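Coordinates in review
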Amino acid sequence: MQLGLSSFAFGWAVGTPAAPALVPFTPDTLLDFAVAQRVPVIQFGDNLPLHTLDDPALDAFCARARSQQVEIETGARGLTPEHLHRYIAISRRLDARLMRFVVDAKNYEPSVDQIAAIIREALPALRAAHLVLGLENHDRLPCAMLRALIDTIASEHVGICLDTANSLGAGEGIREVLHHLAPVCVNLHVKDFAIERLPYLMGFTVSGRALGDGLLPLDETLRAVAAG
């Protein structure tokens, strides 16, 4: 298992639609930080989309990362056939070995059968690229459904990008997530969180925490993923 750094670790610095970045955050910014902190892997999420770069820019970035001995992983949102093949091509260009995808996008929520069909069609391209597709657990699809999907596809080129907090949006806790998804995890997003009762005792709030300050059982999580 290698330590990596995601562009989503810099969510506010990269910017959001509601809060644009005050200072431009580029792929080179992410690479520079990783080099300074001696992190050997960087992963691009859909908040810093690589498909907005042209081929010469991708080639130059790949050469710079290679010279710094930093591995690149790609990522995107919206698992349509066209977008999936676009990112397979980008991943090949960047010598990436892992590509993380969030299935859903705005006004796009394919069924499990549709997801399976899209991935099966792309399997030859994934194999040719020596590329692993990691589907991220997200708010809509329960973990048991994601596990069944991975088991049905049954390919070493497809697994789960296990996010330790995302499935809270589907009403599922970390141990349920680990039970279903740790055995098929190909990438781990470590996020700590707190769940606190509101002062008037009618409901809870869920909020992010610095690693080690929340409820995430980190040692248990790492053991479960390693054993899988």
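Since the model is a prediction, treat every value here as computed from it, not as a measurement. (Residues numbered from 1 in each chain as written. Predicted model: local features only at pLDDT ≥ 70, side-chain atom pairs only at ≥ 80, totals over all residues. Heavy atoms only, no water.)

**Let's talk about the overall build of the protein chain**
- Each helix and strand counted, the protein chain has 8 helices and 9 strands in total.
- Taken over C-alpha atoms, the radius of gyration comes to 18 Å for the protein chain, in line with the 17 Å a tight globule of 228 residues would show.
- The dimensions of the protein chain, computed from C-alpha atoms along their principal axes, are 55 × 40 × 35 Å.
- A total of 228 residues make up the protein chain; the buried ones form 44% of that total.
- Long-range pairs, those at least 24 residues apart, make up 72% of the contacts in the protein chain between residues at least 6 apart in sequence. (Helix = DSSP H or I, 4+ residues; strand = E, 2+ residues; numbered from the N terminus. Rg over C-alpha atoms; globule rule 2.2 N^0.38 Å. Buried < 20%, exposed > 50% of the residue type's maximum accessible area, 1.4 Å probe, protein only. Contact = heavy atoms within 4.5 Å.)

**Describing the pattern of salt bridges**
- Within the structure shown, the criterion is met by 14 salt bridges.
- Across the salt bridge formed by Arg93 and Asp55, the nearest N and O atoms sit 3.6 Å from each other. Note that Arg93 is positioned in helix α4 (residues 81-93) and Asp55 in helix α3 (residues 55-67), a separation of 38 residues in sequence.
- Taking relative accessible area as the criterion, Arg93 reaches 35% and is therefore assigned partly exposed.
- Among the residues examined, Asp55 registers a relative accessible area of 40% and is labelled partly exposed.
- Between Arg100 and Glu136 there is a salt bridge; the shortest N-O distance is 2.7 Å. Of the two residues, Arg100 sits in strand β4 (residues 98-102) while Glu136 sits in strand β5 (residues 132-136), which places them 36 residues apart along the sequence.
- Residue classification places Glu136 among the buried positions, given a relative accessible area of 5%. (Salt bridge = Lys/Arg side-chain N within 4 Å of Asp/Glu carboxyl O.)

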